[in-house]
Amino acid sequence: MNQYRSHNCSEISKKDIGKEVKISGWLNKKRDHGGLLFLDLRDNYGITQCVVDTEHDDFDKVESIRLESVLSVTGSVVERSDETINRNISTGEVEIKIKSFEVLNSSEVIPFQISQEDDAPEDLRLKYRFLDLRKSRLHKNILLRSNVISAFRKKMTSRGFAEIQTPILSSSSPEGARDFLVPSRLHKGRFYALPQAPQIFKQLLMVGGFDKYFQIAPCFRDEDARADRSPGEFYQLDFEMSFVSQSEIFEMIEPVIFEVFREFSINKKISPPPFEVIKFSEAMDIFGTDKPDLRNPLIIQDFSKEFLDSGFKIFEDNLKKNMVIKGIKVPNSSKKPRTWFDKLNKWARDLGQKGLGYIIFDDDEAKGPIANNLKKEKLSIIIGNAALKNGDCLFFISNERRNAEKFSSFAREKLCDEINLREKGSFRFCWIVDYPMFEFNNETKKIDFSHNPFSMPQGGMEAIKNYNPLEIIAWQFDIVCNGIELSSGAIRNHKLDIMIELFKIAGYEENDIKRQFGAIYNAFKFGAPPHGGAAPGIDRIVMLLAEEINLREVVAFPLNQQAEDLMLGSPNLIAKNHLKELRLKIEENKND
RNA sequence: GGGGGUGUAGUUCAGUUGGUUAGAACGCCUGCCUGUCACGCAGGAGGCCGCGAGUUCGAGUCUCGUCACUCCCGCCA
């Protein structure tokens, strides 16, 4: 028999009545009746109530044990009377009458409550993460994460994917996010970099003939945090396949994701495969973003044409300045008080817009300052094109295209929540496809890669020869769920001549590729198979499944927003001799 | 790098137009209590009101600065 327990804290039941058992765990709660004392013992699996009364010689000692101490209890399993059964816990029909006990490790007074939610500040929770992890919500999240990862492993393995590790000490890449650097002791002045993703390695695995690769891959990016973006590190279900088309990648991964969401969510409506496919350009038009939340029924329409020569001076002037006019129709809003519209207007101004104009449609007529200034025939065209019905409002955003798209996507979300239109209890997946290969950089006035320089352009060399670079579409795609980007992927470019042409467009010479991406350049001269893949973000998937809005709630030991570990105190200062060995010197700056 | 929010007891919060000794709940300590499971009852301890200036007869409250945390923008091919 195990030294510490015969059962865990969730498994003792009526069938054990009369048995002598031993359990160990944390003292979750005490209820002291003076002559009678109840102790709830908690472990990873559940809670068991133990009871002791003054007949026991060590009653006073038990009474004085502090919450969250670890103890083991030996005693007999006793049936509870009907009126004292606790239906909330699995062991609620029985309790343990304590014969003997041992405090295995006592606890000081805890800095925040564990047996009940107490909204402790996050920095305190992070400092005492080992206590925070005992709380049922976080504990469940971390176990969920474990189960999700394990399910992904099984599903990928059963589909013939090989799990292969790639290096953590890798080399800095010139494009993309800032790297974390690791100084080399053996090579003065040289650095490793932690991989932003195993991108190059997985492509080289394809060149190495492995056909189907996956990995639960840590990725490191030295960029600022968001609620859904951990600073420092995060995990992806990284996978890559040879001899596949985009649609075959979709067919492979859709059921994997669907099944995981179905297995690990309760009572949720989940988009079944095949997922909706939306072109990037279409998404930008309708949603103003390439990560639309499809639970939000509102859509964005363009009204630039309608406002030409319309009589509404402000928008006419904007159109002359090459701006656009976007509209969002919102149902059930015409009866909102004036203050509601004023607040929305203020909200828009706070976000740097000139305002948020609107037409109210009620009693079969359009009202409000914009409607009053519009020529009649233009107004009826707008009403017709927006299909306005009584009760609707049509909100307008006017700005330069990029800005208008971005803000209208915010407005679409804001208005949806204002009217409470968001579909509840569902996971809505879609693919965003056909990303442009290049984009025009307004600052440098040059053409840049818009997404991933290693994606295959649709149409291959023909497209490069026959189209304006900004019209070239890449075999590049994202998976989006409820407005969160879960994954991006691509059919990779495995042809060196095409790659050289693409890099030329972006202003690089062949030698630049050779120098910066030497391994790929080399490998693609020796028989690279056509290949492609993607990398769904594990943290975000678990976050959605756990219904958390912050990534830190699904990571066991997260960094805070400033990328510090408040428990270990990292990043920390390094001893002089350690630095010396690495031949590093810290430059003191007066401004620091 | 920039913008917003928050900062009062161990924790969550209240604190009036600036005005006596800064309150409550939970937690902690002490006592009472033999069927609780948010146990109950009584009492007690616990405060650099984030920090620093300033205005004022007087600042938790007003002003400026600063720090911490958080959300967002930039950034994240």
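As a starting point, this report considers the structure included with it.

### Quick word on helix H11 (residues 376–386)
For H11, the set of buried residues is Lys378, Leu379, Ile382, Ile383 and Ala386. In an axial view of H11, the angular spread of the buried residues amounts to 140°, which keeps them on one side of the axis. On the buried face of H11, the contacting elements are strand S13 (300–302), strand S14 (324–330), strand S15 (357–362), strand S16 (365–367), helix H10 (369–373) and strand S17 (393–399). With its phi angle positive at about 50°, Ala387 sits one or two positions after the end of H11.

### As for the sheet that holds S15
With respect to topology, five strands assemble into an open sheet ordered S13-S14-S17-S15-S16, the strand pairing being antiparallel. The open sheet has two edge strands, S13 and S16, and neither has a second partner. When strand polarity is set aside, the average angle formed by the axes of neighbouring strands in this sheet is 30°. Here S14 runs beside S17; their pairing, made up of seven bridges, is antiparallel. Pairing of Ile328 across the sheet is with Phe395, part of S17.

### Examining the layout of surface pockets
In this structure, the second largest pocket occupies an estimated 940 Å³ of space. As for the second largest pocket, its lining consists of 24 residues, of which Leu181, Pro571, Asn572, Leu573 and Ile574 are closest to the centre.

### Quick notes on unusual backbone geometry
With an omega of -5°, the peptide bond between Pro273 and Pro274 qualifies as cis. The topology assignment puts Pro274 in the loop between strand S11 (269–270) and strand S12 (276–279). Going from Ser570 to Pro571, the amide bond is cis rather than trans, its omega being 0°. By secondary structure assignment, the location of Pro571 is in the loop between helix H17 (538–545) and helix H18 (576–581). At Arg583, a position not held by glycine, the phi torsion is positive, near 55°.

### Overview of the nonpolar core
Membership of the largest hydrophobic core comes to 68 residues, with the highest contact counts inside it found for Met156, Phe239, Ile253, Phe261, Phe429 and Leu486. At nine residues, helix H6 (residues 246–263) tops the list of elements feeding residues into this core. Leave out the neighbours within four places in its chain, and Leu486 touches Phe261, Phe429, Ile479, Val480, Cys481, Ala535, Pro536, Gly537, Arg540, Ile541 and Leu544. Leu298, Leu344, Trp347 and Ile360 belong to the second-largest nonpolar core, a separate cluster that totals 22 residues.

### So, the packing of aromatic side chains
Under the defined criterion, the tally for this structure stands at 28 aromatic pairs. An angle of 50° between the planes, with centres 6.0 Å apart, marks the rings of Tyr358 and Phe395 as tilted. Remark: Phe395 occurs in strand S17 and Tyr358 occurs in strand S15; sequence separation between them is 37 residues. This pair shows no difference in class: Tyr358 is buried, exactly as Phe395 is. Between Trp431 and Phe477, the ring centres sit 5.6 Å apart and the planes meet at 80°, which makes this aromatic pair edge-to-face. Linking Trp431 in strand S19 (residues 429–433) with Phe477 in strand S22 (residues 476–481), this pair joins segments that are 46 residues apart in sequence. An aromatic cluster is built from Phe250, Phe261, Phe275, Phe427, Phe429, Trp431 and Phe477, whose rings are joined through pairwise contacts. In this structure, Lys268 is placed above the aromatic ring of Phe427, and the distance from its NZ or CZ to the ring centre is 5.1 Å.

### Thoughts on a positive patch on the surface
Taken together, the side chains of Arg226, Arg229, Lys291 and Lys406 make up a positively charged region of the molecular surface. Here Lys406 is to be found in helix H12 (residues 401–419).

### Description of the packing of helix H4 (residues 136–158) against H17
Put simply, H4 and H17 touch, their axes get as near as 10 Å, and they point 125° apart. As judged from the angle between their axes, H4 and H17 are oblique. Where H4 crosses over H17, the handedness of that crossing is right-handed. Residues Asn141, Leu144, Arg145, Val148, Ile149 and Phe152 of H4 pack against Ile538, Asp539, Ile541, Val542 and Leu545 of H17. Counted by class, the contact of H4 with H17 contains eight nonpolar, one polar and two charged residues.

### A look at the side chain of Arg125
Its place among the elements puts Arg125 in helix H2 (residues 122–127). The class for Arg125 is buried, based on a relative accessible area of 12%. Among all residues touching Arg125, those that are not within four sequence positions of it are Phe112, Ala120, Asp132, Lys135, Leu138 and Glu553.

### Focus on the protein's contact with RNA strand B
Lining the immediate environment of RNA strand B, one finds 50 residues, of which Asp32, Thr84, Lys406, His451 and Asn550 sit closest. The protein-proximal atoms of RNA strand B, defined as those within 4 Å of the protein, are 50% sugar or phosphate. Lys29 has a polar side-chain atom sitting 3.4 Å from a phosphate oxygen of RNA strand B. In the environment of RNA strand B, a phosphate oxygen lies 3.4 Å from a nitrogen or oxygen atom belonging to the side chain of Asn560. For the surface near RNA strand B, the secondary structure elements donating two or more residues are strand S1 (20–32), strand S2 (36–42), strand S3 (47–53) and H2. Here the element with the most residues in the surface near RNA strand B is S1; it accounts for three residues. A class-by-class count of the residues in the surface near RNA strand B yields twelve nonpolar, 18 polar and 20 charged.

### Concerning the packing of H4 against H6
In a pair of packed helices, the angle between the axes and the distance between the axes together describe the arrangement. Packing of H4 against H6 leaves a shortest axis separation of 10 Å and a crossing angle of 145°. Considering how the two elements wind past one another, H4 and H6 form a crossing that is right-handed. Contact with H4, carried on its side by Val148, Ala151, Phe152, Lys155 and Met156, involves Met252, Ile253, Val256, Glu259, Val260 and Glu263 of H6 and no other residues of that element. A breakdown of the residues in the contact of H4 with H6 according to their chemical character gives eight nonpolar, no polar and three charged.

### Comments concerning the environment of Ser158
Secondary-structure assignment places Ser158 in helix H4. A distance of 3.0 Å separates the side chain of Ser158 from the backbone oxygen of Lys155, its partner in a polar contact.

Reading the values: rules and limits
Residues numbered from 1 in each chain as written. Chains lettered and ligands numbered in written order. Predicted model: local features only at pLDDT ≥ 70, side-chain atom pairs only at ≥ 80, totals over all residues. Heavy atoms only, no water. Buried < 20%, exposed > 50% of the residue type's maximum accessible area, 1.4 Å probe, protein only. Helix = DSSP H or I, 4+ residues; strand = E, 2+ residues; numbered from the N terminus. Arc of directions from axis to C-beta. Contact = heavy atoms within 4.5 Å. Pairing = 2+ DSSP bridges. Axes fitted to C-alpha atoms, helices over the stretch in contact; angles between N-to-C directions. 1 Å grid on protein atoms, 1.4 Å probe; cavity = no way out; pocket = protein on both sides within 12 Å on 5 of 7 lines; lining within 4 Å. Points joined across faces, edges and corners; volume = space filled by probe spheres on them. Core = buried A, V, L, I, M, F, W, Y, C linked by side-chain atoms within 4.5 Å. Phe/Tyr/Trp six-rings, centres within 6.5 Å; stacked < 30°, edge-to-face > 60°. Lys NZ or Arg CZ within 6 Å of the ring centre and 35° of its normal. Patch = residues over 30% accessible without salt bridge, like charges linked within 9 Å, V, L, I, M, F, W, Y side chains within 5 Å. Areas by Shrake-Rupley, 256 points an atom, 1.4 Å probe, with all protein chains shown as cover. Salt bridge = Lys/Arg side-chain N within 4 Å of Asp/Glu carboxyl O. Lys, Arg positive; Asp, Glu negative; His and termini not counted. Charge placed at Lys NZ, Arg CZ, Asp CG, Glu CD. Parallel < 35°, antiparallel > 145°, perpendicular 65-115°, else oblique. Left-handed = near helix turned anticlockwise from the far one by under 90°. Nonpolar A, V, L, I, M, F, W, Y, C, P; charged D, E, K, R; others polar. Near = heavy atom within 4 Å. Polar contact = N/O pair within 3.5 Å; in protein donor to acceptor, adjacent residues only side chain to side chain.

Function cannot be read off these values alone, since they describe shape.
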